[in-house]
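Coordinate analysis (summary)
Below, each chain spelled out in residue letters.
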Amino acid sequence: MNIAWSATDFDMASLSTQDEPKGTPSFQKPSDTDWGVESNVDMADDNARKYTEAEEAALKLVGVLHQLRTQATSYETATKTLNGIRQHLIGLIQSAAKTAYESQKALQVICENGGPETLKRLSELEAKMTKEFVSVSKRSRNLNILIRVTLACAVSSTIISLLVLAK
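Procedures and definitions
Residues numbered from 1 in each chain as written. Predicted model: local features only at pLDDT ≥ 70, side-chain atom pairs only at ≥ 80, totals over all residues. Heavy atoms only, no water. Helix = DSSP H or I, 4+ residues; strand = E, 2+ residues; numbered from the N terminus. Buried < 20%, exposed > 50% of the residue type's maximum accessible area, 1.4 Å probe, protein only. Areas by Shrake-Rupley, 256 points an atom, 1.4 Å probe, with all protein chains shown as cover. Expected span 1.5 Å × (residues − 1). Salt bridge = Lys/Arg side-chain N within 4 Å of Asp/Glu carboxyl O. Patch = residues over 30% accessible without salt bridge, like charges linked within 9 Å, V, L, I, M, F, W, Y side chains within 5 Å. pLDDT = per-residue confidence, 0-100. Contact = heavy atoms within 4.5 Å.

Regarding its fold elements, the chain presents 2 helices and 0 strands. Residue burial in the chain is summarised as follows: out of 167 residues, 5% are buried. Surface accessibility of the chain: about 15000 Å² in total, with carbon and sulfur atoms responsible for 63%.

With that settled, the discussion passes to helix α1 (residues 40-112). For α1, with 73 residues, the first-to-last C-alpha span of 105 Å sits near the 108 Å given by 1.5 Å per residue. Among the residues of α1, those classed as buried are E53, A57, V64 and Q71.

Summed over all chains, the structure comprises 4 salt bridges. R49 is paired through a salt bridge with E53; the nearest N and O atoms lie 2.9 Å apart. On the criterion of helical spacing, the pair formed by R49 and E53 is a turn pair, its members being 4 residues apart in helix α1. Relative accessible area serves as the criterion here: at 39%, R49 is assigned to the partly exposed category. What makes E53 buried here is its relative accessible area of 9%. The residue E76 makes a salt bridge to K80 at a minimum N-O spacing of 3.6 Å. Residue E76 and its partner K80 are located together in helix α1, separated by 4 residues, close to a single helical turn. Under the relative-accessibility criterion, E76 is labelled partly exposed at 46%. By sharing partners, the salt bridges in this structure join D46, R49, K50 and E53 into a single network.

To continue, consider a nonpolar patch on the surface. A cluster of nonpolar side chains, namely L82, I85, L89, L92 and I93, defines an oily patch on the protein surface of about 500 Å² accessible area. Turning to its location among the elements, L92 is positioned in helix α1. For L92, a relative accessible area of 46% puts it in the partly exposed group.

Mean pLDDT over the chain works out to 79, with 77% of the residues at or above the 70 mark. When the criterion is pLDDT under 50, residues 1-21 qualifies, and its contacts beyond four places in sequence or with other chains add up to 25 contacts.

Written out as structure tokens, the structure is:
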């Protein structure tokens, strides 16, 4: 909420509660000054009116100052909250920077101690193990076939033996 005001906002004439409808003819009685006599009653009424206008302006000013104080308090609270968030972000940034630095150092040590060669050897070992696995798979398949054939021979010889004995 923006509060902006100027000196015209506190114009005493604008605070008057006596508004006359526009376009309505009004009758003004001649004042005592028109007759050459200044009345003390008129001066007292004028002073009372000015006092009332000043009092209304003061009340309006108090209201504006109250709003301003409320805004200042809310801005102060927001500033404190943002400062806390800023401190937290600074901590996160420092932590991330430290982690990045330590990671870079670890990678540098790995590279200095044969990291690329180690990866190359691991790749070669993986390829060799894959070939061996294929070879073992072939042998196990052949062994599986051999076991089935042997089992089939054993079953058929048992059946033949039983048939010969049964005669």
